[in-house]
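Structural description and commentary
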Amino acid sequence: MSLRTILLHAAPDSGFNDRLAFAVGLARQNGATLKAVYTLYPAGVPRVGRALAIYIKEIMREAKEKEAGLKSRFDAAIAAAGVTGDWVVVEGEVTPELREATNFADLTVVSETPEGTVDDDLAATMPEHLALACNAPVVVVPTGKPVPARVGKVLIAWKPSREAGHAVRFALPILAGADAVEVLTVGENGRVPDASGAKLADFLGTHGIKATHRHVESNSPSTAIVEEATAFGADLIVMGAYSRSRLAELVLGGVTASLLARPPVALLCAH
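Treat the numbers as computed from the prediction; the structure is a model and nothing was measured.

**Concerning the overall build of the protein**
Helices and strands together make up the secondary structure of the protein, namely 10 helices and 10 strands. Here the protein, with 271 residues, has 51% of them falling under the buried criterion. Once local pairs closer than 6 in sequence are excluded, the contacts in the protein between residues at least 24 apart make up 80%. Summed over its atoms, the accessible surface of the protein is roughly 12,400 Å², and 55% of this surface lies on carbon and sulfur atoms.

**Thoughts on the pattern of salt bridges**
Counted by the stated rule, this structure contains seven salt bridges. Residue Glu65 pairs with Arg61 through a salt bridge whose shortest N-O separation is 2.4 Å. Here Arg61 and Glu65 lie together in helix α2 (residues 50-81), a separation of four residues that amounts to about one turn. Looking at Arg61, the relative accessible area reads 37%, which means it is partly exposed. Where Arg150 meets Asp179, a salt bridge forms, and the shortest distance between an N and an O atom there is 2.7 Å. Remark: Asp179 occurs in the loop between α6 (162-177) and β7 (180-187) and Arg150 occurs in the loop between β5 (138-142) and β6 (153-157); sequence separation between them is 29 residues. Sharing partners across several salt bridges, the network here consists of Glu58, Arg61 and Glu65.

**Regarding the sheet that holds strand β3 (residues 85-93)**
Taking strand neighbours across the sheet as the criterion, the 10 strands line up as β3-β2-β1-β4-β5-β10-β9-β6-β7-β8 in an open arrangement whose pairing is mixed. Looking along the sheet, the strands with just one partner apiece sit at the ends: β3 and β8 (211-217). Pairs of neighbouring strands in the sheet enclose a mean axial angle of 25°, with direction left out of account. The pairing of β5 with strand β10 (residues 266-270) spans three bridges and is antiparallel. Each residue of the ladder has a partner; that of Val140, found in β10, is Leu267. Each of β1 (5-10), β2 (33-41) and β3 is contacted by helix α3 (residues 94-101), which is oriented at about 135° to β3, the strand it contacts most. In this fold α6 packs onto β4 (107-112), β6, β7, β9 (236-240) and β10, with an angle of close to 150° to the strand it touches most, β9.

**Section: the nonpolar core**
If you look at the biggest cluster of nonpolar residues, it comprises 54 residues, and the most contacted ones within it are Leu34, Ile156, Leu175, Leu204 and Leu236. Residues in contact with Leu34, not counting those within four places in the same chain, are Ile6, Leu8, Leu20, Ala23, Val24, Phe74, Ile78, Val83, Thr84, Gly85 and Asp86. Leu184, Phe232, Ala234 and Leu267 belong to the second-largest nonpolar core, a separate cluster that totals 21 residues.

**Some points on the pairing of β1**
With respect to burial, β1 is a largely interior element, five of its six residues being buried. For the crossover that starts at β1, traverses helix α1 (residues 16-30) and ends in the parallel β2, the hand is right-handed.

**Quick look at α6**
For α6, built from 16 residues, the straight-helix expectation of 22 Å at 1.5 Å per residue is met to within 8% by its first-to-last C-alpha distance of 24 Å. Ala171 marks the point of greatest bend in α6, at about 55°, and the proline Pro173 comes within the next four residues. If you check which residues of α6 are buried, you get Glu163, Ala164, Gly165, Ala167, Val168, Ala171, Leu172, Pro173, Ile174 and Leu175.

**Quick notes on the confidence of the model for the protein**
For the protein, the average pLDDT comes to 87, and 83% of its residues sit at 70 or higher. Mean pLDDT per element in the protein: helix α9 (residues 246-252) is the minimum at 42, and β6 is the maximum at 98.

**Some thoughts on α3**
Along an α-helix, a turn takes 3.6 residues, which lines up residues three or four apart on a common side. Among the residues of α3, those classed as buried are Val94, Thr95, Leu98 and Ala101. When α3 is viewed along its axis, its buried side chains cluster within an angular range of 130° and face the same direction.

**Side note on the packing of aromatic side chains**
Applying the stated criterion across every chain yields a total of two aromatic pairs. Measuring from ring centre to ring centre gives 5.9 Å for Tyr38 and Trp87, while their planes differ by 25°; the resulting arrangement is stacked. Linking Tyr38 in strand β2 with Trp87 in strand β3, this pair joins segments that are 49 residues apart in sequence. Exposure remark for Tyr38: the relative accessible area of 1% places this residue in the buried category. A network of ring pairs unites the aromatic residues Tyr38, Phe74 and Trp87 as a single cluster. Here the guanidinium or amino end of Lys153 rests over the ring plane of Phe232, the centre of that ring lying 5.4 Å away.

Reading the values: rules and limits
- Residues numbered from 1 in each chain as written.
- Predicted model: local features only at pLDDT ≥ 70, side-chain atom pairs only at ≥ 80, totals over all residues.
- Heavy atoms only, no water.
- Helix = DSSP H or I, 4+ residues; strand = E, 2+ residues; numbered from the N terminus.
- Buried < 20%, exposed > 50% of the residue type's maximum accessible area, 1.4 Å probe, protein only.
- Contact = heavy atoms within 4.5 Å.
- Areas by Shrake-Rupley, 256 points an atom, 1.4 Å probe, with all protein chains shown as cover.
- Salt bridge = Lys/Arg side-chain N within 4 Å of Asp/Glu carboxyl O.
- Pairing = 2+ DSSP bridges.
- Axes fitted to C-alpha atoms, helices over the stretch in contact; angles between N-to-C directions.
- Core = buried A, V, L, I, M, F, W, Y, C linked by side-chain atoms within 4.5 Å.
- Right-handed = clockwise from strand over helix to strand, strands pointing away.
- Expected span 1.5 Å × (residues − 1).
- Bend = angle between axes of the 7 residues up to and from the residue.
- pLDDT = per-residue confidence, 0-100.
- Arc of directions from axis to C-beta.
- Phe/Tyr/Trp six-rings, centres within 6.5 Å; stacked < 30°, edge-to-face > 60°.
- Lys NZ or Arg CZ within 6 Å of the ring centre and 35° of its normal.

Here it is as C-alpha cells:
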C-alpha cells in the first residue's frame, strides 16, 4: 500500500504556508497527488436569523476574495516540487466538507493554529474534530516551526490500544519510506514495561521497516514524548488519538489533547 492522495485543508489562516509546505514535501516523497479543499461557509455558524445571514454573506465574500491568493501559492508550490494537484472550492462548511473528502484520501493535512485572526480561530478546532470524526489519519502540522523537506525520522508513541494500532497501520507507507523509525513506550508510576513495544518493532520488520524500541519511565507521557521527539530528531510523531473519551481528556488532561494543542513536530493521529 502507498500514499496516492493527500488532502489539504486550504484556508487563509496563519498555518496555511507551513501545512502546504509539509503536504507538498510528503506528496513528492511518496509520488502522491495533493488535493486542496477550500470552503467558503464559515465554520460553526448556524444558518438562522437575518443578522447571521448578513454576517455569513460578508464572511463568504471575504473568503472568495482571499481564495485567488491562496490558490496561487498552492499552484506555485506544487509546480516547484513537480507534484500533481487539484484545487477545489466548495460552498459548504469546512468540517463536514473535509470529513466527507477524507473518505477518498489516504490522509489529511491540517494545522495546529494559534489564536490570532478570525481565520485562525475558525481553523483552531479542525485537528480534534477530524481526528475524532473521519475514517482516515490526520496529520497536524505545527505553525511557525521548521518544516522538513521530507519525513526522514518517525517516532511512534505507542501503547497497545485500538487507536494506536490504527495510526500505525495508516502510517505504514510513510514508515516504509523513512530513514529511521523508533517505537517509544512510556511507563507510568513504576509499572512493569509492556512488551508490546518490542513486539511492534518486530511486526514492522515483517514489512521491511527497521525500527528500534525505546522505553522510558515518566509520570507525564506527553512530556516524555516531546523530549524523545527532540532527542531523536523526529520529523513526524505517529500516535492514536483519544483512546479514552474526549471529555475525560478535557477534564483530566491527556496525551492527545496536550500534543494536539502544542505539537513539537508534525503529528499523525488516528481514532
